[in-house]
Amino acid sequence: MIGFHGLNNSYMFEDEQIGTYRPKIEEIINRTPKDHKDEDQEDSDAVSLKGRIVTNLIGHITNDLAIGKKIKSGELRKRLKEPKWKVPDCFYTEDIDMGDFTMKLLGSKENPNTERVILQLHGGGYMGAVRNAYYVFAGLYNEVSEGCCVLTPDYRVAPEHPYPAALLDAVASYKWLLDNGWFGSQIILAGDSAGGGLAMCLTMYLRDHKMPMPAGIVAMSPWTDLTASGESYETNYEKDPLFGNTKDSLIYVNDYPGENDRMDPYISPLFGSFKGFPPMLIQAGSIEMLLSDSVDAAAKARSQGVKVRLSVYEGMFHVFQMGYLNIPESKRAWCEIKKFLQIVKEEE
């Protein structure tokens, strides 16, 4: 069972001008139906009480409050100020200067697992830098992988650094692992949202340039289609609590592609070939606008001979795994990641 407790290092809505937002939880609970199963239910088709509350809370913040537009556009993420991440006692970290960007390597102080390493590519719509939440992710990845080191690059982002900056930094991070003694077969790529799409772009680049391929990919709500052409962009338009009900969000207005074609596979991997890819675990929420990005990518990869597990979590929002261990769906997703990593190891 997952037991990592470094969760207080994340500050989701803290800004020098806005302060810390604390909603009236009673208002959110009152929106939640009473006829609900216990949160630890076995029925994966039902939404937990906590999951529903968190979903409603996100919708309240993004749709009803003044900061909502800044969250959807990515402006708040760009201005987010956080204290330095406090490293839990069970971990050590190493800061690595790559010239154009920096990276942080997290590892276990005791009984480290040296068989694998995880390269985590953070989300943020190619517009937000790394934040403390992803170091919490790194701790969780370390635990579900039974002690593997996790490398998290703070890759360059738009608008200052449009494509191909993020991809080049991802390639440089991967090369750093190779140069430091890791084989491709020992590397797991992991990413959420833009980071999930970037993990697929990186894999395409590695294959196309005949470089060692990774052992597997974990993609949480991957952004694979920057043209926003999937069916769910319409069907979930009013359901998505994070990006819904507007076309002024960063999924429509984004500087990352620059003057380049948004259908370029190194920008939108959905339009590329997945042939030769390692096994992939793709997780998504059923009400997110980017659902099609996961469903269509999984279907295409399967048709090209790739082993893919696609898990769509009912009633969940974009990157719901950011709930860490606080909501049953997120906890179940992290347990699924642990199982996937075990399967990949066993099938070597």
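Calculation criteria
- Residues numbered from 1 in each chain as written.
- Predicted model: local features only at pLDDT ≥ 70, side-chain atom pairs only at ≥ 80, totals over all residues.
- Heavy atoms only, no water.
- Pairing = 2+ DSSP bridges.
- Helix = DSSP H or I, 4+ residues; strand = E, 2+ residues; numbered from the N terminus.
- Axes fitted to C-alpha atoms, helices over the stretch in contact; angles between N-to-C directions.
- Buried < 20%, exposed > 50% of the residue type's maximum accessible area, 1.4 Å probe, protein only.
- Right-handed = clockwise from strand over helix to strand, strands pointing away.

Draft legend 1. Seen up close, the sheet that holds strand S2 (residues 102-108). Across the sheet, which stays open at both edges, the eight strands sit in the order S1-S2-S4-S3-S5-S6-S7-S8 with mixed pairing between neighbours. Single-partner strands in this sheet number two, and they are strand S1 (91-97) and strand S8 (308-313). Each neighbouring strand pair of the sheet contributes to a mean axis angle of 15°, computed without reference to strand direction. In this sheet, strand S4 (residues 148-154) lies alongside S2 in antiparallel orientation, the contact comprising five bridges. Paired with Thr102 across the bridge in S4 is Asp154.

Draft legend 2. Spatial organisation of the pairing of strand S5 (residues 187-192). Burial analysis of S5 places six of its six residues in the buried class, which makes it a mostly covered element. On S5, burial covers both faces: Ile187, Leu189 and Gly191 on one face and Ile188, Ala190 and Asp192 on the other are all buried. Alignment of strand S3 (residues 113-121) against S5, held across five bridges, turns out to be parallel. Across the sheet, residue Leu121 finds its bridge partner in S5, namely Gly191. As defined by bridge partners, S5 adjoins strand S6 (residues 216-220) across five bridges and the pair is classed as parallel. Residue Ile188 lies in a different strand from S6, and its bridge partner there is Gly216. In the classification by handedness, the crossover that spans S5, the intervening helix H7 (residues 194-208) and the parallel S6 is right-handed.

Draft legend 3. Geometry of the pairing of S6. Taken across its five residues, S6 has five buried, putting it largely inside the fold. The alternating pattern of S6 places Gly216, Val218 and Met220 and Ile217 and Ala219 on opposite faces, both of which are buried. Strand direction decides the pairing type here: S6 and strand S7 (residues 280-285), joined by four bridges, are parallel. By the bridge assignment for S7, Ile217 is matched with Met280.

Draft legend 4. Quick look at unusual backbone geometry. With an omega dihedral of 5°, the bond running from Ala158 to Pro159 counts as a cis peptide bond. With respect to the secondary-structure elements, Pro159 resides in the loop between S4 and helix H6 (165-179). Of note, the bond from Tyr163 into Pro164 is cis; its omega dihedral lies within 30 degrees of zero at 15°. Summarising the element assignment, Pro164 is placed in the loop between S4 and H6. In this structure, Asn111 takes a positive phi of about 50° despite not being glycine. Within the secondary structure layout, Asn111 lies in the loop between S2 and S3. For Asn111, a relative accessible area of 72% translates into the label exposed. The phi dihedral of Val319 falls on the positive side, at around 50°, and the residue is not glycine. If you trace the backbone, Val319 turns up in the loop between S8 and helix H10 (328-346).

So yeah, pure geometry; function would need other evidence.
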